[in-house]
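Structure assessment
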Amino acid sequence: QVSRLEELPRCCSDDDADGVSLPGDAAEQDPGLWCPMPPKPSTFGRCVRCLAFLWNLLFLLLGLLLLALGVWGLLAKAGGERGAPLGSDPMLLFLLGGLGASAVSLAGCLGALRASPCLLRFFLGALLAFAGLEVLGGLLVLLARRRLRDGLRDLLLLCLLRYQEDPDLQFLVDEVQRSLQCCGLGSYRDWESNPYFNCSAPGVQACGVPASCCQDPLESGSVPNAQCGFGVLALGPAAAGAVVHVGGCEAALGAWLRGQAGAIAAGAAALVLVEAVGALMALRVLEDVV
């Protein structure tokens, strides 16, 4: 009986066992002193654990890629002469988003690999927090649409004012104007508020608009003409309409967002589905290890 008892895993510590003497039959039958061996996970459980690891590994790589993009953007702008403050830099969103996604995915990977209940619970809590933020953001969009529209207008106006000061904003404004075929906020005349395009400015860009406003920036050539919008603000509406797009981007962007409502809803549903699949796999692994 003693030899059989020595082969079983002991629950209590050696200090607790000092001074305790039980008969062989009582010690063998006492469930408080001896731990049963944990059941081995089934084949299905091992498959779920492997899938959970690969699932989180994929999003860990995507998060690291996003993090590297944010770091690269901040370092590239830090070496320039001008740049936006760190708190308002758009690349900071990539940095924080990549950092958060990497941390949560790493916890999911290690939790599935090492069967760690602590890491798996942290992973599930982070997913629930993200889901709560997404629901809160959706409710804010529905309840505060007018304020969000005013905030978007102020943001677009700020982009016009800081067009030459921030390369990221310049790229964003050019892409919006080029793809939506618009110019300015309400009309092309809004570029007068920019200190470089104002008609009283001393530079060559005075009374002009960016080349992304032009209807034909190539002008039948192969290289875009960066000066195609120069002097447009000094022309009348009819003459300017023959060179640049006179409509503003505010209305065009609103129409584009309304047209993309289905795609936005599908993207949100896909994101929720991805989080739900990750949470279900983590719960299944947690059931096997607890």
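It should be emphasised that the depicted structure is a prediction, and the values quoted were computed from it without experimental measurement.

Moving on, we get to the overall build of the protein chain. Helix and strand content of the protein chain: 11 helices and 0 strands. Taken from the N to the C terminus, the helices and strands of the protein chain come in the order α-α-α-α-α-α-α-α-α-α-α. Taking all 290 residues of the protein chain together, the buried fraction comes to 28%. Considering only residue pairs separated by 6 or more positions, the protein chain has 66% of its internal contacts joining residues 24 or more positions apart. Of the roughly 18100 Å² of accessible surface on the protein chain, a fraction of 67% belongs to carbon and sulfur atoms.

Before going further, it helps to spend a moment on the pattern of salt bridges. On inspection of all chains with the given rule, the structure shows 4 salt bridges. In this structure, the salt-bridge partner of Glu 175 is Arg 178, at a minimum N-O distance of 3.2 Å. Residue Glu 175 and its partner Arg 178 are located together in helix 8 (residues 167–180), separated by 3 residues, close to a single helical turn. When its relative accessible area of 45% is taken as the criterion, Arg 178 is described as partly exposed.

Moving on: the nonpolar core. Cys 183, Tyr 188, Trp 191, Val 209, Cys 213, Val 232 and Val 244 are the most contacted members of the largest nonpolar core, which totals 21 residues. Of all the elements, helix 7 (residues 145–161) adds the most residues to this core, at 3 residues. Those residues in contact with Val 232 that lie beyond four places of it in its chain are Tyr 188, Cys 207, Gly 208, Val 209, Ala 240, Val 243 and Val 244.

This next bit is on the state of the cysteines. In this structure the tally under the stated criterion is 4 disulfides. The partner cysteine of Cys 183 in its disulfide is Cys 213, sulfur to sulfur 2.2 Å. Every disulfide takes its handedness from the sign of the S-S torsion; for Cys 183 and Cys 213 that torsion is 80°, giving right-handed. In this pair, Cys 183 sits in the loop between helix 8 and helix 9 (237–241) while Cys 213 sits in the loop between helix 8 and helix 9, placing the two residues 30 residues apart along the sequence. Assessed through its relative accessible area of 0%, Cys 183 is described here as buried. Each disulfide pairs two cysteine sulfurs, and for Cys 199 the partner residue is Cys 207, the sulfurs being separated by 1.8 Å.

The next thing to look at is the UniProt feature "transmembrane region" (unreviewed entry) in the protein chain. Those places that UniProt annotates as "transmembrane region" (unreviewed entry) correspond, in this numbering, to residues 53–75, 91–113, 119–143 and 263–286. Along residues 91–113, the helical share is 100% and the strand share 0%, with 32 Å between the first and last C-alpha atoms. Structurally, residues 119–143 comprises 100% helix and 0% strand, and the distance from its first C-alpha atom to its last is 36 Å.

Counted by the stated rule, this structure contains 4 aromatic pairs. Ring centres of Trp 55 and Phe 59 lie 5.6 Å apart, and the angle between their planes is 50°; this geometry places the pair in the tilted category. Note that Trp 55 and Phe 59 are positioned in helix 4 (residues 43–78) at a spacing of 4 residues, about one turn of the helix. Of the residues examined, Trp 55 reaches a relative accessible area of 28% and is grouped as partly exposed.

This part is about the packing of helix 5 (residues 91–114) against helix 6 (residues 117–143). Two elements in contact, helix 5 and helix 6, have axes separated by 8 Å at closest approach and are oriented at 145°. Note on packing geometry: the crossing formed by helix 5 with helix 6 is left-handed. Here Ala 103, Val 104, Ala 107, Gly 108, Leu 110, Gly 111 and Ala 112 of helix 5 lie close against helix 6, whose contacting residues are Leu 119, Leu 120, Phe 122, Phe 123, Ala 126 and Phe 130. When the residues that make up the contact of helix 5 with helix 6 are grouped by side-chain class, the tally is 11 nonpolar, 2 polar and no charged.

A few words on the environment of Asn 56. Topologically, Asn 56 is positioned in helix 4. Expressed as a C-alpha distance, the spacing of Asn 56 and Ala 101, which sit 45 residues apart in the sequence, is 9.8 Å. If we ignore the near neighbours within four places in the chain, the residues touching Asn 56 are Ser 105, Gly 108, Cys 109 and Phe 123.

The rules we used
Residues numbered from 1 in each chain as written. Predicted model: local features only at pLDDT ≥ 70, side-chain atom pairs only at ≥ 80, totals over all residues. Heavy atoms only, no water. Helix = DSSP H or I, 4+ residues; strand = E, 2+ residues; numbered from the N terminus. Buried < 20%, exposed > 50% of the residue type's maximum accessible area, 1.4 Å probe, protein only. Contact = heavy atoms within 4.5 Å. Areas by Shrake-Rupley, 256 points an atom, 1.4 Å probe, with all protein chains shown as cover. Salt bridge = Lys/Arg side-chain N within 4 Å of Asp/Glu carboxyl O. Core = buried A, V, L, I, M, F, W, Y, C linked by side-chain atoms within 4.5 Å. Disulfide = S-S within 2.5 Å. UniProt positions renumbered as here; feature names shortened; annotations may be inferred. Phe/Tyr/Trp six-rings, centres within 6.5 Å; stacked < 30°, edge-to-face > 60°. Axes fitted to C-alpha atoms, helices over the stretch in contact; angles between N-to-C directions. Left-handed = near helix turned anticlockwise from the far one by under 90°. Nonpolar A, V, L, I, M, F, W, Y, C, P; charged D, E, K, R; others polar.

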